[in-house]
Amino acid sequence: MFGYLFAPYPARSFACLYQGCTNLPPFVNWAHPLGTENSGIDVYSEILHGAPNDLYVGIVATAISVVIGIVVGALAGFRKGASGALLLGITQMFLVLPVLVIILLFARIFILAVASGLGLTLIMLILAFFGWPTIALVARGEILRIRELEFVQASKALGASNSRILFRHIVPNMLSPIIVLASLLVAGNILTEVVISFLGFGDPNTSTWGLLLEEGFGYIRTEWWVSLFPGLAVVFCVLGFNLLGDGLSDALNPRLRE
Amino acid sequence: MPNEILRVEDLHTYFFTEAGVVKAVDGVSFVLNAKEPLGLVGESGSGKSVTAQSILGIVPRPGKVLAGKVVLEGDDLLQKKQSEMRKLRGRKIGVVFQDPNSSLNPLFSIGTQLTDVIKIHFQLTKEQAYDKAVGLLKLVRISEPDARMRQYPHELSGGMRQRVAIARALAGEPEILIADEPTTNLDVTIQAQVLELLKTLQSELDMSLIMITHDMGIIAEMTRKVVVLYAGRVAESASTAAIFESPKHPYTSALLRAVPRLDKRRTLTSIPGNIPNLIEPPSGCRYHPRCAYMTDVCAEKVPPLESLEGGRQVSCHHWKELTLEKELAS
């Protein structure tokens, strides 16, 4: 995440162009370990610069989605009757929207914002806005399941207050599936960001893996490394988050702790 | 004369479901004496558990207590605010539930769960609460209490978990303990141990006990008074000895005939039919469609709950004419 501080070249720097080091293949010149592309951008540096941006989109968007999702899911779970059904309906409506198309549409509408450097935050917010429905559904299901369990009844019968029941019994028990889901969502958000950039709807002035992938794609037959390495970065990052989610949910389960 | 501690009067608890109004408890009354074990007995769906939930004010939605009184030491609990009830729950009345597998939170250690309840009811430091929790585990005869405090529910056996649940119910030092079928989900050998424990605790701690069960054997073993519920109403209530000696209600007699005996050779009789649909319960006496002594009046009029000598009550049109077999004695 902080690798960019040690990157040999600044972001989107064409410095190498003036040194004549364009189109360098990887593992040839150790000043440019992963090669350079045809306008002289150093692939290794660019991947390092892209990391915090991609993680920012993935993690912050997920955090916002999780908060919205839990709140909506909890309300839908606790409110029986019309308001609960309405919330559930809205959630399901969001779930069937073709999110990618809408994101691309938004990115085009707010093209001015994109151009003025707010593009990444805009994409992040859009992803956050469309990421919460699955979380909400799972949160609702978990609440409906857990609040019928006997230990919730028992703690109520022994004098626990509502907030104690909620934060001591219901929330900890619903966390495990939500953490797994959130880690998948981080991975999914990073992938979506890559797709947006790849389709050319991203911010051309902000380093992201998707942008680099897209830039290399036009020359993939001659300069395969420009696309391959950011692609690998995406793969490892997504895989990492999936494993992290699995690990976290195991670590929080006393049955599997030893 | 034993002192009355809790009186339930004409309790009505209905569940407003989409299929209709389920009259789960429809006019239940009984008196619980201080320091005495009382049995609530009946088939599944007779309203035993809902009665207990109504006493505690924790009837789950869509259920509602519509009418009646639950008088604890002169106060009607049904008139109290939720915040006042919260102080009573666990402190005056403790509860043990049926399933020890799900009545403990799987994510927290035994110690945390016990000290949690202790801290709700008493202002204690961490160390004091811990010591009290260890004391509770000793009270319910758990070996190595210090080690158990650090264990999680899944590391304990079913019987052990139920002991922890009992310890938790006792954490607020309640005067009344409600045990809602505490042994139904346990192995037979463990059942006997847990019942024995409850019996000892009841007399050791001088508590009142409400034992909810469908097992007449447990009633005989554990209680001094019995309330027999049928389809949300009291069929009969009397001292345990009197119920077993001379049941006055045909349903009680039928329940007793369904209990196997080792010392007498006789055929077990099951009660024909099922517990009625409580959305549209049978007219008149609710037991009449299954009753061997049914007459026309049974289907027409609800039999009043008549008081007999010795604090006995029975709700049957024909109890005077009937000489029901002394089933367990004959």
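Cut-offs applied
- Residues numbered from 1 in each chain as written.
- Chains lettered and ligands numbered in written order.
- Predicted model: local features only at pLDDT ≥ 70, side-chain atom pairs only at ≥ 80, totals over all residues.
- Heavy atoms only, no water.
- 1 Å grid on protein atoms, 1.4 Å probe; cavity = no way out; pocket = protein on both sides within 12 Å on 5 of 7 lines; lining within 4 Å.
- Points joined across faces, edges and corners; volume = space filled by probe spheres on them.
- Helix = DSSP H or I, 4+ residues; strand = E, 2+ residues; numbered from the N terminus.
- Axes fitted to C-alpha atoms, helices over the stretch in contact; angles between N-to-C directions.
- Parallel < 35°, antiparallel > 145°, perpendicular 65-115°, else oblique.
- Contact = heavy atoms within 4.5 Å.
- Nonpolar A, V, L, I, M, F, W, Y, C, P; charged D, E, K, R; others polar.
- Pairing = 2+ DSSP bridges.
- Buried < 20%, exposed > 50% of the residue type's maximum accessible area, 1.4 Å probe, protein only.
- Buried area = accessible area lost by both parts, 1.4 Å probe.
- Salt bridge = Lys/Arg side-chain N within 4 Å of Asp/Glu carboxyl O.
- Polar contact = N/O pair within 3.5 Å; in protein donor to acceptor, adjacent residues only side chain to side chain.
- Right-handed = clockwise from strand over helix to strand, strands pointing away.
- Phe/Tyr/Trp six-rings, centres within 6.5 Å; stacked < 30°, edge-to-face > 60°.
- Lys NZ or Arg CZ within 6 Å of the ring centre and 35° of its normal.

## Here we look at empty space enclosed by the protein
Taken as a whole, this structure holds three cavities of 30 Å³ or more when the rule is applied. The volume enclosed by the largest cavity comes to roughly 100 Å³. S155, A160, R164, R168 and H169 of chain A together with F108, T112, Q113, D116, V117, I120 and R168 of chain B are the residues that line the largest cavity. The element best represented in the lining of the largest cavity is helix α3 (residues 110-121) of chain B, accounting for five residues.

## Points about the packing of helix α6 (residues 150-157) of chain A against helix α7 (residues 162-198) of chain A
All names here are of chain A. Following both chains from N to C, one finds α6 and α7 inclined at 170 degrees, their axes separated by 10 Å at the closest point. In terms of axis orientation, α6 runs roughly antiparallel to α7. Contact with α6, carried on its side by F151, V152, S155 and K156, involves I165, H169, I170 and N173 of α7 and no other residues of that element. Of the residues contributing to the contact of α6 with α7, the split by class is four nonpolar, three polar and one charged.

## So, the sheet that holds strand β4 (residues 63-72) of chain B
All names here are of chain B. Taken in spatial order, the four strands make up an open sheet running β2-β1-β4-β5, and their pairing is antiparallel. Unpaired on one side and paired on the other, β2 (20-33) and β5 (75-76) mark the two borders of the sheet. Here strand β1 (residues 4-17) runs beside β2; their pairing, made up of 10 bridges, is antiparallel. Residue pairing in the sheet places T17 in a bridge with G20 of β2. Together, β1, β2 and β4 form the strand contacts of helix α1 (residues 48-56), whose direction differs from that of β1 by roughly 110 degrees.

## Some words on unusual backbone geometry
All names here are of chain B. Going from R61 to P62, the amide bond is cis rather than trans, its omega being 0 degrees. With respect to the element layout, P62 can be found in the loop between α1 and β4. A positive phi is found at R141, a non-glycine position, where the angle reads about 60 degrees. Note on placement: R141 falls in the loop between α4 (126-139) and α5 (145-149). For R141, a relative accessible area of 42% puts it in the partly exposed group.

## With respect to the interface of chain A and chain B
The interface of chain A with chain B comprises 21 residues on the first partner and 30 residues on the second. Here chain A and chain B share an interface that buries about 2400 Å² over both sides, 55% of which is from carbon and sulfur atoms. The largest contributions to the chain A side of the interface with chain B come from E150, L158 and R168 of chain A, which together make up 28% of the buried area. Counting across the interface, chain A meets chain B through two salt bridges. Ionic pairing is found between D116 of chain B and R164 of chain A, a salt bridge with its closest N-O pair at 3.5 Å. For the pair chain A and chain B, the number of links is eight residue pairs in polar contact (both at pLDDT 80 or more). Counting residues per element, the side of chain A that touches chain B draws most heavily on α6 of chain A, which supplies six residues. Here the residues of the side of chain A that touches chain B are counted per class, giving nine nonpolar, five polar and seven charged.

## A closer look at the layout of surface pockets
Volume-wise, the largest pocket comes out at about 980 Å³. Lining of the largest pocket is provided by 32 residues; of these, R147, V152, Q153 and K156 of chain A together with P60 of chain B occupy positions nearest its centre. At the level of elements, α6 and α7 of chain A together with α1, α2 (82-88) and β7 (176-180) of chain B are the ones that each hand at least two residues to the lining of the largest pocket. Residue composition of the lining of the largest pocket, by class: 14 nonpolar, eight polar and 10 charged.

## Section: the pairing of β7 of chain B
All names here are of chain B. Burial runs high along β7: five of the five residues are buried. Where burial is concerned, the two faces of β7 agree: the one with I176, I178 and D180 and the one with L177 and A179 are both buried. Strand direction decides the pairing type here: strand β6 (residues 93-96) and β7, joined by four bridges, are parallel. Each bridged residue has a counterpart across the sheet, and for V96 the counterpart in β7 is A179. Here β7 runs beside strand β8 (residues 208-213); their pairing, made up of five bridges, is parallel. Within β8, the residue paired with A179 across the bridge is M211. Crossover handedness for the path β7 to helix α7 (residues 188-204) to β8: right-handed.

## Examining the packing of aromatic side chains
Inspection of every chain in the model, using the stated rule, returns nine aromatic pairs over all chains. Relative to Y287 of chain B, the ring of Y230 of chain B lies with its centre 5.1 Å away and its plane at 80 degrees, an arrangement referred to as edge-to-face. Note that Y230 of chain B is positioned in strand β9 (residues 225-230) and Y287 of chain B in the loop between α10 (250-257) and α11 (296-300), a separation of 57 residues in sequence. On the basis of relative accessibility, which here comes to 4%, the residue Y230 of chain B falls in the buried class. Through pairs of rings, three or more aromatic residues link up here, namely F94, F129, F130 and W132 of chain A. Above the face of the F108 of chain B ring, R168 of chain A is positioned so that its terminal group lies 4.4 Å from the ring centre.

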